[in-house]
Amino acid sequence: MQKFNHSYRSILSGGRLFGLVLIFLGLVVILTPVFVEVETNTLKIVLVAGIPFLIGVILVTTYTGTLLDFENRKYKEYQTLLFFKLGAWKKLPKIEHAEMILHSFRSRNVPNGLSPTLSGEVTIYKIVLISNGTKFLALDFEKEKAAVAALKKVKEGLGLL
């Protein structure tokens, strides 16, 4: 079965970064009794460490994506939760054209204490699938090389080459 899987997740996005912080804090709390003698009940330590660790794992493993099944002419826009892809398969319409476009914009975020405060010019490489003369689906990539390779694979899978 010929498939194409695309997911877009930035490690520095707010939720993902917050999840990494929670995982780190959970590990620090659970490992502290190994190095320092504490009088706290082991169950309390496990609960205090386990809850943020579990929430962190959920935040880090949650992302969205698109799966294209060229052979069966269907697609699925999904969200993952703990590595399970949730979403329904839909019929893929006839794609007339696929192209790559650049989307550049000025990025600026407000300091929130979690995500880095960065600003600057950002370029997103978009693979756009066109059906019935209109945009049907757009896939985002941070790197041009990845977008070019994906465009080639999508065009081959859809028979547009």
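Residues numbered from 1 in each chain as written. Predicted model: local features only at pLDDT ≥ 70, side-chain atom pairs only at ≥ 80, totals over all residues. Heavy atoms only, no water.

Here we come to the overall build of the protein. Helix and strand counts for the protein come out as 3 helices and 8 strands. Starting at the N terminus and ending at the C terminus, the protein contains elements arranged as β-α-α-β-β-β-β-β-β-β-α. Taken across its 161 residues, the protein has 29% of its residues classed as buried. On the protein, roughly 10600 Å² of surface is accessible, and the fraction owed to carbon and sulfur atoms is 61%. (Helix = DSSP H or I, 4+ residues; strand = E, 2+ residues; numbered from the N terminus. Buried < 20%, exposed > 50% of the residue type's maximum accessible area, 1.4 Å probe, protein only. Areas by Shrake-Rupley, 256 points an atom, 1.4 Å probe, with all protein chains shown as cover.)

Before going further, it helps to spend a moment on unusual backbone geometry. Phi angles above zero are rare outside glycine, and Arg 73 is one such case at about 55°. Tracing the backbone shows Arg 73 in the loop between β2 (64-69) and β3 (74-81). Residue classification places Arg 73 among the partly exposed positions, given a relative accessible area of 32%. One non-glycine residue, Asn 132, adopts positive backbone phi at about 55°. With a relative accessible area of 66%, Asn 132 lands in the exposed category.

Further remarks concern the packing of aromatic side chains. Throughout the structure, instances matching the rule amount to 2 aromatic pairs. Judged by centre distance (6.5 Å) and plane angle (75°), the ring pair of Tyr 63 and Tyr 78 falls under edge-to-face. With Tyr 63 in the loop between α2 (42-60) and β2 and Tyr 78 in strand β3, the pair connects residues that are 15 residues apart, well separated along the chain. Relative to Phe 136, the ring of Tyr 75 has its centre 5.1 Å away and its plane inclined at 85°; by these criteria the two rings are edge-to-face. With Tyr 75 in strand β3 and Phe 136 in strand β8 (residues 134-141), this residue pair connects regions lying 61 residues apart in the sequence. Overall, Tyr 75 belongs to the buried group, its relative accessible area being 9%. Residue classification places Phe 136 among the partly exposed residues on the basis of a relative accessible area of 24%. Between the NZ or CZ atom of Lys 74 and the centre of the ring of Trp 89, over which it lies, the distance is 4.8 Å. (Phe/Tyr/Trp six-rings, centres within 6.5 Å; stacked < 30°, edge-to-face > 60°. Lys NZ or Arg CZ within 6 Å of the ring centre and 35° of its normal.)

With 19 residues, α2 extends 26 Å between its outermost C-alpha atoms, agreeing within 8% with the 27 Å of an ideal straight helix rising 1.5 Å per residue. The largest bend along α2 measures about 25° and falls at Gly 50, with the proline Pro 52 one to four residues further on. At the N-terminal boundary of α2, the capping side chain belongs to Asn 41, with an oxygen 2.9 Å from the backbone nitrogen of Leu 43. (Expected span 1.5 Å × (residues − 1). Bend = angle between axes of the 7 residues up to and from the residue. Polar contact = N/O pair within 3.5 Å; in protein donor to acceptor, adjacent residues only side chain to side chain.)

One face of the sheet, then the other: side chains in a regular strand alternate in exactly this way. Judged from the 7 bridges that link them, strand β7 (residues 119-131) and β8 form a sheet pairing that is antiparallel. Bridging from a neighbouring strand, Leu 129 pairs with Leu 137 of β8. What sits between β7 and β8 in their antiparallel hairpin is a turn of 2 residues, with Asn 132 showing a positive phi close to 55°. (Pairing = 2+ DSSP bridges.)

Before going further, it helps to examine the confidence of the model for the protein. The predicted coordinates of low-pLDDT regions are not to be read in fine detail. Taken residue by residue, the protein gives an average pLDDT of 85. The fraction at 70 or more is 88%. Highest mean pLDDT in the protein belongs to strand β5 (residues 89-91) (94); lowest belongs to strand β1 (residues 3-8) (75). (pLDDT = per-residue confidence, 0-100.)

It is worth spelling out the nonpolar core at this point. Formed by 18 residues in total, the largest nonpolar core has its most connected members in Phe 4, Leu 68, Ile 127, Leu 129, Phe 141, Val 154 and Leu 158. The dominant element in this core, judged by the number of residues it contributes, is helix α3 (residues 144-158), at 5 residues. (Core = buried A, V, L, I, M, F, W, Y, C linked by side-chain atoms within 4.5 Å.)

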